Structure formats: structure tokens, C-alpha cells
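# Chains, contacts and geometry: an overview
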Amino acid sequence: MTAWLLPSTVPQTILGIESSCDETAVALVARGRQVLASEVRSQVAEHAAWGGVVPEIAGRGHLQAIVPALESCLQTADCGPEQVDAIAVTCRPGLLGSLLVGLNAAKALAWAWRKPLIGVHHIEAHLYAALMGIEEWQFPYISLVVSGGHTNLFRSDSPLQHQRLGCTRDDAAGEALDKAAATLGLGYPGGPAIQKAGQDGDPQAFSFKRPMLSKDSLDFSFSGLKTALLYTLKGPGGKRSDPDRIGPERQADLCASFESAIVDTLAKKCLRACRQQEVPRLLIGGGVARNRRLRSCMEQIAAENDLQVHFAAPEHCTDNADMIAGLGHAYAEAGRFADLNLEAQPR
Ligand code: KG4
Ligand code: ZN
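Residues numbered from 1 in each chain as written. Chains lettered and ligands numbered in written order. Predicted model: local features only at pLDDT ≥ 70, side-chain atom pairs only at ≥ 80, totals over all residues. Heavy atoms only, no water.

Of the regular secondary structure elements, the protein chain holds 10 helices and 10 strands. Taking the principal axes of its C-alpha atoms as reference, the protein chain extends roughly 65 × 45 × 30 Å. Of all 347 residues assigned to the protein chain, the portion counted as buried reaches 56%. As displayed, the protein chain has an accessible area near 15,000 Å², and 49% of this comes from carbon and sulfur atoms. Distance between charge centroids for the protein chain: 6 Å, based on 33 positive and 38 negative side chains. (Helix = DSSP H or I, 4+ residues; strand = E, 2+ residues; numbered from the N terminus. Buried < 20%, exposed > 50% of the residue type's maximum accessible area, 1.4 Å probe, protein only. Areas by Shrake-Rupley, 256 points an atom, 1.4 Å probe, with all protein chains shown as cover. Lys, Arg positive; Asp, Glu negative; His and termini not counted. Charge placed at Lys NZ, Arg CZ, Asp CG, Glu CD.)

Structure (C-alpha cells):
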């Protein structure tokens, strides 16, 4: 590998780039923890009209946002290329057209500035976001990533070692919330919309089955809940085009009950994983980890069962580049550098 791609000392100040879905993000982070500057350009408004992320729109949005986001981040940190020690970029998983924009920007900078390049795994980065808030790490942890694209449980033995214990067999938790919000006419993204609509609702007003699968399973399945919501709203066997049978005065209860079914399922599986692995510490990251009901439910379960639970900071739950640059430091410490042939891997 070309010499400048393989540094002799561990890079300390890392420029992170994230573009795997619909946020273009750039951050400069020192020693894996200290955020010197952070930029997130969200495309939510462009996708909202379509009820979800449209890959073609996302790719074009990243192209428009990447250079201004980079310039603004470096300007905020008052930083030139000489202060950047390495460049970390999300290379998997994600939307191919979106990943390629961040990846090619990172390669171009690495080449032009003669800096080492680090290809980061997006899901590992969501877990690193939870680690960023912990003063002293105490591995192992049971870790949950809940986002629009992923619902995974791991046993984590280091920032780079995650053994998968379970995953969703159909919809991710965030995807289920997004689809439910679409059914309820609440718009996109669905998680925050359902949280808001249900904040004063009664979570027990409607009974939704908690999909626990078999007794020991750590997998998830949320697509049945989505159908249950549709039938509650439209009547048994109802279609989305059918009129609602439940009036707007009960929407708060319906949202609270649906959200609560998802949250309870996530919380129970986390507890099950902690017991099975005999690990009393939890990390929780990803967009859905912003959810207030999930946070309070997990905190209650943690208190009742003598567990420690560490959520990523709210601004580090949804996609951001702080977690990419942060995890990039752990990759650098492990000597995991890439070369300019680094490829985007959607899966
Ligand atoms: O991590 P993220 O930004 O992107 C992916 O990697 O998927 O997560 C986006 C997801 C969306 O499904 C959104 O509805 C959900 O996170 N989300 C929330 C909340 N904020 C974002 N879900 C529940 N409650 C929230 N407050
Ligand atoms: Zn994400």
C-alpha cells in the first residue's frame, strides 16, 4: 500500500464522512471522543412528500450537500488539511448511490491531502455512538441498534467485535414506525410523529400483541404489528384505502398503544439477551433510540433488574458523522486502514 495510506503513528484527529441514507454528515473528532465540529444536512423534507427515502433523490441530495458540509465543518473547527490526520467514511451498509458520494469525497480528500483512509461499518458506528458517552468502557455489553434500516442485538466485546445474537426477520423497528405513521396519515419520519401524536395517549387503550417469537429467540418481527394496526384502524381485513373506523379523538391512544408494543418488545428482548449472556450492561443506539418511551421503559427495566443502560446522546442516535470519525479512531488503533480501492457495500 502507498506509504501515506499506512501511517506509522495512530491518527488522532479524524475527519468523518457519513452518507449511507438521507443525511449528509461531516465531523472532525479528536481521539475518538472530542467533537471539534459537526455538520448534518438532512434531506427529510425532500423525502417526506414521498412518505419515505427515495434512493435517487437521496443520491442527488448528497451530491449537492457534500462539499458545503465539508467546507462548513472545517471552517467551524478552524481547521485546514494539515490538522487532519486521517479520513474515515461509511462504506457499508446503506443505499449504494448514497454511499458512493461520501466514499468518493473521502477518497478524493485522502488522495489530494495524502491522508490515511478508513472504511467504517455504519451499524458498528451506531453502537460506538453509545460508547462515546461512557467515561470508562466495561466490555462486554449487550448492544441494540434500532434504526430505520436495522434492528439488531449483539454481544459486544470491544468497539470492533460484535457477535450478532438476533435481528429482525422482516421490518426494522423504525421502518414499522414509519409505515404505521403513513397508515395513520402522520407523515415521515414516522418515529417522531408517532411519539408526538401519542405523548398524552393511554398505552393500554388498544391491545397489540408483543411479538416475542419462540421462548429463547432474540430475533424480532414487526410486520404483524403493522397489519394489526391497519385492521384496528380499518376493521378486520381492511385496506389502506378503506375509511377509518377510529376517529381522530382516539389517535393519541392508538399511537401510544402501538409505540408501546414496539418499545416493550425491544425492552424484553434486551433483558432476555442480558440474562442469556449474563451481561448486565446495555448499549442502545440508532434513530429509534431517541424515542422517549423507549428510554423511560429501558431505564425502568434496568432499575428493576440491576442493569446499566447507556443510550447514545439524542444527537448521536440519528445518522451523524461524529460516530464515524469516533469509530475511525478505534479502527486506526487496530491498524485497519483502507486503500483507494475501498468499495461501497450496500449490504
Ligand atoms: O439511524 P437513522 O437516522 O437512520 C438509519 O440508519 O436507518 O434512523 C432513522 C429512523 C427512522 O425510522 C425514524 O422514524 C426513527 O429513526 N426515529 C425515531 C425517533 N426519531 C427517529 N423513532 C422513534 N422515536 C423517535 N423520537
Ligand atoms: Zn443509521
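Looking at the assigned domains, one finds that the protein chain contains domain 1 (13-127 + 318-333) and domain 2 (138-311). In this assembly, 16 residues from domain 1 lie in contact with 17 residues from domain 2. Taken over both partners, the interface formed by domain 1 and domain 2 buries close to 1,300 Å², and the fraction arising from carbon and sulfur atoms is 75%. Contact with domain 2 buries surface across domain 1, with I123, H126 and L127 losing the most and accounting together for 44% of the total. Linking domain 1 with domain 2 are 0 salt bridges. Where domain 1 packs against domain 2, one counts 1 residue pair in polar contact (both at pLDDT 80 or more). Of all the elements in the fold, those that place two or more residues in the side of domain 1 that touches domain 2 are α1 (44-48), α4 (122-131) and α10 (322-333). For the side of domain 1 that touches domain 2, the element with the most residues is α4, which contributes 4 residues. Considering only residue class, the side of domain 1 that touches domain 2 consists of 9 nonpolar, 5 polar and 2 charged. (Domains from an automatic or database assignment. Contact = heavy atoms within 4.5 Å. Buried area = accessible area lost by both parts, 1.4 Å probe. Salt bridge = Lys/Arg side-chain N within 4 Å of Asp/Glu carboxyl O. Polar contact = N/O pair within 3.5 Å; in protein donor to acceptor, adjacent residues only side chain to side chain. Nonpolar A, V, L, I, M, F, W, Y, C, P; charged D, E, K, R; others polar.)

Turning next to the packing of α4 against α10. For the pair α4 and α10, the least separation of the axes is 8 Å and the interaxial angle reads 100 degrees. By the angle between their axes, α4 is roughly perpendicular relative to α10. Only M323, I324, G326, L327 and Y331 of α10 make contact with α4, whose side of the interface consists of H122, E124, A125, H126, Y128 and A129. Grouping the amino acids of the contact of α4 with α10 by side-chain chemistry returns 7 nonpolar, 3 polar and 1 charged. (Axes fitted to C-alpha atoms, helices over the stretch in contact; angles between N-to-C directions. Parallel < 35°, antiparallel > 145°, perpendicular 65-115°, else oblique.)

Our focus in this paragraph is the site of ligand 1. Among the 21 residues in the neighbourhood of ligand 1, the closest are listed as G148, D178, G191, G287 and N291. Taking Q195, its side chain carries an N or O atom lying 3.3 Å from a nitrogen atom of ligand 1. Between ligand 1 and the protein, one listed contact pairs an oxygen atom with a backbone N or O atom of G287 at 3.1 Å. Burial of ligand 1 by the surrounding chains reaches 91%, relative to a free accessible area of 560 Å². Taken together, the elements giving at least two residues each to the shell around ligand 1 come down to α4, α5 (173-183) and α6 (190-197). Top element by residues in the shell around ligand 1 is α6. It accounts for 4 residues. Broken down by class, the residue content of the shell around ligand 1 amounts to 5 nonpolar, 12 polar and 4 charged. (Near = heavy atom within 4 Å.)

In the contact formed by α5 and α6, the axes pass within 7 Å of each other and the chain directions differ by 65 degrees. The interaxial crossing formed by α5 with α6 has left-handed handedness. Of α6, the residues touching α5 (which contributes L177, D178, A180 and A181) are G190, G191 and I194. Counted by class, the contact of α5 with α6 contains 4 nonpolar, 2 polar and 1 charged residues. (Left-handed = near helix turned anticlockwise from the far one by under 90°.)

So, about the coordination of the zinc ion (ligand 2). Note on the zinc ion (ligand 2): its protein donors are H122 (NE2), H126 (NE2) and D319 (OD). The metal-donor distances range over 2.0 to 2.1 Å. Spacing between the donor residues of the zinc ion (ligand 2) along the chain follows H-x3-H-x192-D. Taken together, the residues span a long stretch of sequence, with H126 in helix α4 and D319 in the loop between β10 (308-311) and α10 at a distance of 193 residues. Across the pair, D319 and H126 agree in class, each one buried. (Donors = N, O, S within 2.8 Å, 3.2 Å for Na, K, Ca; no water.)

It is worth spelling out the nonpolar core at this point. One finds I118, L153, F258, I262, L266 and M298 to be the most contacted residues of the largest nonpolar core, which totals 75 residues. If you tally residues by element for this core, the top one is helix α8 (residues 251-277), at 12 residues. (Core = buried A, V, L, I, M, F, W, Y, C linked by side-chain atoms within 4.5 Å.)

Burial runs high along strand β5 (residues 117-121): 5 of the 5 residues are buried. A crossover connection joins strand β4 (residues 86-92) to the parallel β5 through helix α3 (residues 96-113); in handedness this β-α-β unit is right-handed. (Right-handed = clockwise from strand over helix to strand, strands pointing away.)

Below, the discussion takes up the sheet that holds strand β8 (residues 161-167). Spatially, β8-β7-β6-β9-β10 is the arrangement adopted by the 5 strands of the open sheet, whose pairing is mixed. For this open sheet the edge positions go to β8 and β10, each flanked by a neighbour on one side alone. Each adjacent strand pair in this sheet contributes to an overall mean axis angle of 25 degrees, direction not counted. Both strand β9 (residues 281-285) and β10 contribute to a ladder of 4 bridges, which runs parallel. By the bridge assignment for β10, I284 is matched with F311. α8 contacts β6 (141-146), β7 (151-158), β8 and β9 of the sheet and is inclined by roughly 155 degrees relative to β6. (Pairing = 2+ DSSP bridges.)

Regular strands have side chains that alternate between both faces of the sheet. Burial along β10 is one-sided: V309 and F311 are buried, and none of Q308 and H310, which face the opposite way, are. Crossover connection from β9 via helix α9 (residues 292-305) to parallel β10: handedness right-handed.

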